[in-house]
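Examination of the molecular architecture
Take a look at the letters that make up each chain.
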Amino acid sequence: MYAIVDCNSFYCSCERVFQPKWDDRPVVVLSNNDGCIISRSDEAKDLGVEMAGPYFIAKPLIEKYNVGLFSSNYNLYGDMSMRVMDTLRHLAGDRNVEVYSVDESFVNLFFLPQNKLREFAMELRHTVERWTGVAVSVGVAPTKTLAKLANGIAKKYKRQTECVAVLETGEKIAKALRITPVGKLWGVGGRSQKKLNDLGIHTGWDLRNMPEEWARKNLGGVVGVRLIKELRGEEAIVMDTYEDKKMIATTRMFGNAVTALADIKEAVATYTARTAEKLRRQNSAAGMINVFVVTNEKENRKAVNPHFRHGPTYSSHIVLPYPTSQTNELIKPAIALAEKLYREGKQYKKAGVVLSGIVPDDAIQANMFEQQKSIGRFLMEQIDNINFSMRGDVVKFASSGTKRNWKMRQDFQTPRYTTRWNELCKVS
DNA sequence: TCTGGGGTCCTAGGACCC
DNA sequence: TCTGGGGTCCTAGGACCC
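Let us look at the structure shown here. Given the structure is predicted, the values throughout are model-derived calculations rather than measurements.

Concerning the sheet that holds strand β4 (residues 68-71)
The three strands lie next to each other as β3-β2-β4, forming an open sheet whose pairing is mixed. Edge positions in the open sheet fall to β3 (37-40) and β4, since each of these has one partner strand only. The sheet shows a mean angle of 25° between the axes of neighbouring strands, direction not considered. Pairing analysis gives three bridges linking strand β2 (residues 27-30) to β3, with the strands arranged antiparallel.

With respect to the side chain of S13
One can find S13 in helix α1 (residues 10-18). Residue contacts for S13: discarding those within four places in its chain leaves N8 and V134.

A look at the pairing of strand β5 (residues 97-101)
Strand direction decides the pairing type here: β5 and strand β6 (residues 104-108), joined by four bridges, are antiparallel. From the neighbouring strand, V97 faces β6, where its bridge partner is V107. Here β5 folds back onto β6 in antiparallel fashion, the turn holding two residues.

Overview of the environment of E123
By the secondary structure assignment, E123 is in helix α5 (residues 117-132). Relative accessible area serves as the criterion here: at 38%, E123 is assigned to the partly exposed category. Sequence separation between E123 and F111 is twelve residues, and the spatial gap between their C-alpha atoms is 15 Å.

Rules used in this analysis
Per chain, the residues get numbers from 1 upward, laid out in the order the sequence is written. As a convention, the first chain written is A and the first ligand written is 1, with the rest following in written order. Owing to the predicted nature of the model, reporting of local features is limited to residues with pLDDT of at least 70; listing and counting of side-chain atom pairs is limited to 80 or more, with chain, interface and lining totals taken over all residues. Side-chain measures here rest on the full set of heavy atoms in the structure, leaving out hydrogens and waters. One bridge is not enough; two strands pair if DSSP finds at least two bridges between them. A run of H or I in DSSP becomes a helix once it reaches four residues, and a run of E becomes a strand once it reaches two; helices and strands are each numbered from the N terminus. In this analysis, axes come from line fits to C-alpha atoms, helices being fitted only over the stretch in contact, and the angle between any two N-to-C directions falls in the range 0 to 180 degrees. Residue contacts follow a heavy-atom distance rule, with two residues in contact if any of their heavy atoms lie within 4.5 Å. Any residue under 20% of the maximum accessible area for its type is buried, any over 50% is exposed, and the rest in between are partly exposed; the area is computed with a 1.4 Å probe on protein chains only.

Okay, structure coming up:
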């Protein structure tokens, strides 16, 4: 049996821990650049604030009902996430916890007898809440997909379920599948939903009863087959042990459109530094670097797809002479790529740096600059240690610049309560 | 006027090899 | 006039997730 433990309105919950006056009032958290709504409390949901909707559209509603407004504070959420996951590991054992995203973990419950499942799930819920202040919902079932389904039910019927739903019998699973629209299943997105509905498949139960061979032909091949197996209670998606990322990226919208090459270069250098840091944190090196920029050219884009919000993406990549994790070795090619992509007179909305061809750092072949490299490696470690302990980028490369014309908007940001001494929560 | 920022897995099709 | 059959590796793009 698997549990999925999912934090309720995670970003909102994190903000409320440090500002309890918002506990019973509607709150929302905005994406970078204060662009759209990426977390909303139940109260905000009830007011009709749309998830992932643009802030400017929800603004009248937000102002009318005095909804609490927060810019995203990833330093805080990252740290709170660690606390939640550590609590789960403490209760279930390190190896039985698979962190799935910043606010969700799967927990393997094979060590529990059937009649202890609910009790243990409740213990997970209560302990996380007591130790971190973050409320969670728990779904338990024989497969990951069904556990996600159970979790959806726990969240939807919070009061009846006390945020914990266990589907341990065929009967309960069937009932849950019958009341769940197929589009709500884990792994069924908008495209597949439409396709399934057109074929007269509307509920999870309808899909569960389709033949596997049909899924192989009509539902994304092996992906569809796995989904149906999982719905029937056959494990097809197993616990994932930790693996290094195969691609690491930093991409951002600019606060305002940017036209100067100097600004683009500065942004690309900063993103490269941030990406290299992520790379070193998992002890990897990258063999390829890809830089892209997005303009705001509008012509003809809307006609093709009315949802197009920005212009075309221009991208280019360089295969590095040898894999590296050093910021200085990555910034040079990144800047060269930015220069190559830049066109005078265009307006740029966004840029990004993507590292791939990722290998373990200790597997890097020795090269002529071995000695120089080890010095560089030492330097990188020092910079990382300083930056990590300060949870910001205190030490920067000169090419990252200091003006930051392109920096994003964050008008409602809260302090980094848990990662900066001088931003600690004060109790008066 | 104003619409995140990451990731993963899979498939199809081209290039190339024997 | 007649023109195989496998196999691998790579890339682009689709679909999905949070």
